[in-house]
Amino acid sequence: MNRSKIRIIAIFTVIILILSGCTPGNASFKENLLKAMLGTGEVVSYDDMVYKRPDPDDVMDAYNKACEASEGYDAEYILECVFDYYDEYDWFYTYYSLADLKYCHDLTDEYWEDECNFFAENIPQVDASLENLYYELAESPCRDQLEEEFFGEGYFEAYDGENLWDDELNSLLTKEAQLQNEYYDISEESSEYEFASDEYYDACADELAELLIDLVNVRQDIAQYWGYDDYTQFANNYYYARDYDSSDVEAYLADISKELSPLYSELFDSDVWNAAYSYASEKETLRYLEEAADNMGGEINMAFKLMQTAGLYDISYGENKYGSAFEVYLTSYAEPFIFMNSSLIQADKLTLVHEFGHFCNDFLSYGSYAGADVAEIFSQGMEYLSLCYTEDSEELMKYKMADSLCTYVEQAAYADFELKLYSLLDDELTVDNLRDIYEDIAEDYGFESVGYDNREFVGISHYYTHPMYVISYVLSNDAAMQIYEMELDRSGKGKKLFTDNIDTEESYFMAFLDDAGLKSPFSKGRIDSVKALFEDVLQ
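Calculation notes
Residues numbered from 1 in each chain as written. Predicted model: local features only at pLDDT ≥ 70, side-chain atom pairs only at ≥ 80, totals over all residues. Heavy atoms only, no water. Helix = DSSP H or I, 4+ residues; strand = E, 2+ residues; numbered from the N terminus. Buried < 20%, exposed > 50% of the residue type's maximum accessible area, 1.4 Å probe, protein only. Contact = heavy atoms within 4.5 Å. pLDDT = per-residue confidence, 0-100. Patch = residues over 30% accessible without salt bridge, like charges linked within 9 Å, V, L, I, M, F, W, Y side chains within 5 Å. Areas by Shrake-Rupley, 256 points an atom, 1.4 Å probe, with all protein chains shown as cover. Salt bridge = Lys/Arg side-chain N within 4 Å of Asp/Glu carboxyl O. Lys, Arg positive; Asp, Glu negative; His and termini not counted. Charge placed at Lys NZ, Arg CZ, Asp CG, Glu CD. Core = buried A, V, L, I, M, F, W, Y, C linked by side-chain atoms within 4.5 Å. Polar contact = N/O pair within 3.5 Å; in protein donor to acceptor, adjacent residues only side chain to side chain. Pairing = 2+ DSSP bridges. Axes fitted to C-alpha atoms, helices over the stretch in contact; angles between N-to-C directions. Phe/Tyr/Trp six-rings, centres within 6.5 Å; stacked < 30°, edge-to-face > 60°. Lys NZ or Arg CZ within 6 Å of the ring centre and 35° of its normal.

**Observations regarding the side chain of Asn236**
Moving on, step 1. Among the secondary structure elements, Asn236 is positioned in helix α9 (residues 231-239).
Moving on, step 2. The exposure class assigned to Asn236 is buried, which follows from its relative accessible area of 15%.
Moving on, step 3. Aside from chain neighbours lying at most four places away, what touches Asn236 is Ala241, Arg242 and Ser246.

**Some details on the confidence of the model for the protein chain**
Moving on, step 1. Per-residue confidence for the protein chain gives a mean pLDDT of 89; residues scoring 70 or more make up 92%.
Moving on, step 2. When pLDDT is averaged over each element of the protein chain, strand β1 (residues 313-314) comes out on top at 98 and helix α1 (residues 3-19) at the bottom at 27.
Moving on, step 3. Note that residues 1-33 has pLDDT below 50 and, in this model, 57 contacts with residues that lie over four places away or in other chains.

**Topic: a negative patch on the surface**
Moving on, step 1. A cluster of like negative charges, contributed by Glu162, Asp166, Asp167, Glu168, Asp221, Asp426, Asp427 and Glu428, occupies part of the molecular surface.
Moving on, step 2. As for its placement among the helices and strands, Asp427 is situated in the loop between α16 (394-421) and α17 (431-444).
Moving on, step 3. Asp427 gets classed as exposed once you look at its relative accessible area, which sits at 65%.

**Re the nonpolar core**
Moving on, step 1. With 185 residues, the main nonpolar core has Phe151, Ile256, Phe356 and Tyr408 as its most contacted residues.
Moving on, step 2. The element contributing the most residues to this core is helix α4 (residues 75-105), with 16 residues.

**Topic: the side chain of Gln346**
Moving on, step 1. Inspection of the secondary structure puts Gln346 in the loop between β3 (335-340) and α14 (348-364).
Moving on, step 2. Side-chain polar atoms of Gln346 contact the backbone oxygen of Tyr279, separated by 2.9 Å.
Moving on, step 3. Not counting chain neighbours up to four residues away, the residues in contact with Gln346 comprise Ala275, Ala276, Ser278, Tyr279, Ala280, Glu284 and Leu396.

**A look at the sheet that holds β3**
Moving on, step 1. With mixed pairing, three strands are arranged side by side in an open sheet as β1-β3-β2. Edge positions in the sheet fall to β1 and β2 (325-330), since each of these pairs with one other strand and no more.
Moving on, step 2. Judged from the two bridges that link them, β1 and β3 form a sheet pairing that is parallel. Bridge pairing in β3 places Tyr313 opposite Ile338.
Moving on, step 3. α14 rests against β2 and β3 of the sheet, and its axis sits at about 165° to β3.

**Topic: the pattern of salt bridges**
Moving on, step 1. Per the counting criterion, the structure on display carries 16 salt bridges.
Moving on, step 2. The partner of Glu115 in a salt bridge is Arg53, and the shortest N-O contact between them spans 2.6 Å. Residue Glu115 is located in helix α5 (residues 110-138), and its partner Arg53 is located in the loop between α2 (29-39) and α3 (56-70); the two are separated by 62 residues in the primary sequence.
Moving on, step 3. For Arg53, a relative accessible area of 43% corresponds to the partly exposed category.
Moving on, step 4. Notably, a salt bridge pairs Glu383 with Lys400, separated by 2.9 Å at the nearest N-O pair. One end of the pair, Glu383, is in helix α15 (residues 372-388); the other, Lys400, is in helix α16, and 17 residues separate them in sequence. Taken as a pair, Glu383 and Lys400 share a single burial class, namely buried.
Moving on, step 5. A cluster of three or more residues bridged by salt bridges with shared partners is formed by Asp202, Asp453 and Arg455.

**Quick word on the packing of aromatic side chains**
Moving on, step 1. According to the stated counting rule, one finds 59 aromatic pairs in the structure shown.
Moving on, step 2. Consider the rings of Tyr200 and Tyr201, whose centres lie 5.6 Å apart with planes at 70°: the pair is edge-to-face. Each member of the pair, Tyr200 as well as Tyr201, carries the same accessibility label: buried.
Moving on, step 3. Members of the aromatic cluster, joined through ring pairs, are Tyr225, Trp226, Tyr228, Tyr231, Phe234, Tyr238, Tyr239, Tyr240, Tyr422, Tyr469 and Tyr473.
Moving on, step 4. Lying across the ring of Phe118, Arg53 places its NZ or CZ 4.3 Å from the centre.
Moving on, step 5. In this structure, Lys321 packs its charged tip against the face of Phe339, placed 4.6 Å from the ring centre.

Here is the structure:
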């Protein structure tokens, strides 16, 4: 959706390179591009980014103008109007991201809460305008010329036929956004309690479970509106472009439960966690990333310098901050940003490195269009590679492998729960049923070894904000481990595969693995190989 604007930015940056005398030579083109941006002032510091509430009417005015132009025979003028629309659209979302970052920094700030509520009310209309514009362009007498000159051959084939973006769909999407805002409100209200404590669950578990049920219902309605039997199918196709079958995932989850859960159950008697939970300041955490980026060099180091120079990160500890970490691309500035609420422990180092992997993927591809499963390879792959490019990381490496085992088992359990959640019929969607299902899954995956609460599914933020996403962590972790194994086999081998593919626009996970020469997680014996690696390091 933002790709067109990003292409314009890329062209503009090439002009900067020419004017500054920076041309591809011994260094890679992207390294020169980064140097040009850092050296010519094209980078905008986060502190200099000014927020203002956008007027949705400006987006709609640009949309109407582009639609009117699409009826004519002047392709150049049509594209000019489309670019103007993209500009309004991108700024709308850039301002939304800025407001969300400000609110996540302090969930008690009512001003930023109101701004986020404003976007929740208006995002469906803005998103609908983008889809509707493509339907209009598909009907343009200049369709073939527009594809040839800009969009690419066959781009508008997906927009032939009936346009389903209407008031009914907008109403459903608005309802989903409102429910998601309620999730943030409840999270803020319950922040006075220690997360995952009995007091926390007593205070908010019932309310969050009911909210999750409401979200499932509205999402099922969205899926049915688009002609899907259930939301799982819809999300896999519409949001995540997954090129594997649900049957593959179900068999894979069963293998993880059978083969890795026993090893997971043994894990918590070891002292592997001690290193992770010892103190680390924010400066130490940032220094770890700096060392890894410096030793990896090239584009990775240049991306770090951009992040540091422009202050494109917030890793401070905050009592009222959103208790998570994420990376967001600020499209109109063509710059990513990392948000993280530090726990002030050693494990923060890998959390920051994880988000920096997303940062690199976004920045080096001008806003990543990789699918979710593919994008997570770079975040988790950056974690593994950092262990190979920093000194004195042996204890952290053992923690990472333990954490990786937890990723396999815990995220698989969460994915299993989510699949079962969206398979429930209306009268089966009750708080008691959700707790019973979670308890069964917790037992299947060995959670009894560490103790669990059958209410703890309400603490999985992705169920509320990014449904059907968690399976991406499991599958991408397998690919990231393969990169790590390559690096262990020969220094630089894994890094090369990583950097060669960091700017991919491949949406499909299996297609990416095939192109990169990586194995499928679903391949016979793959879980056995993963298990052997864990046993070698952890036992």
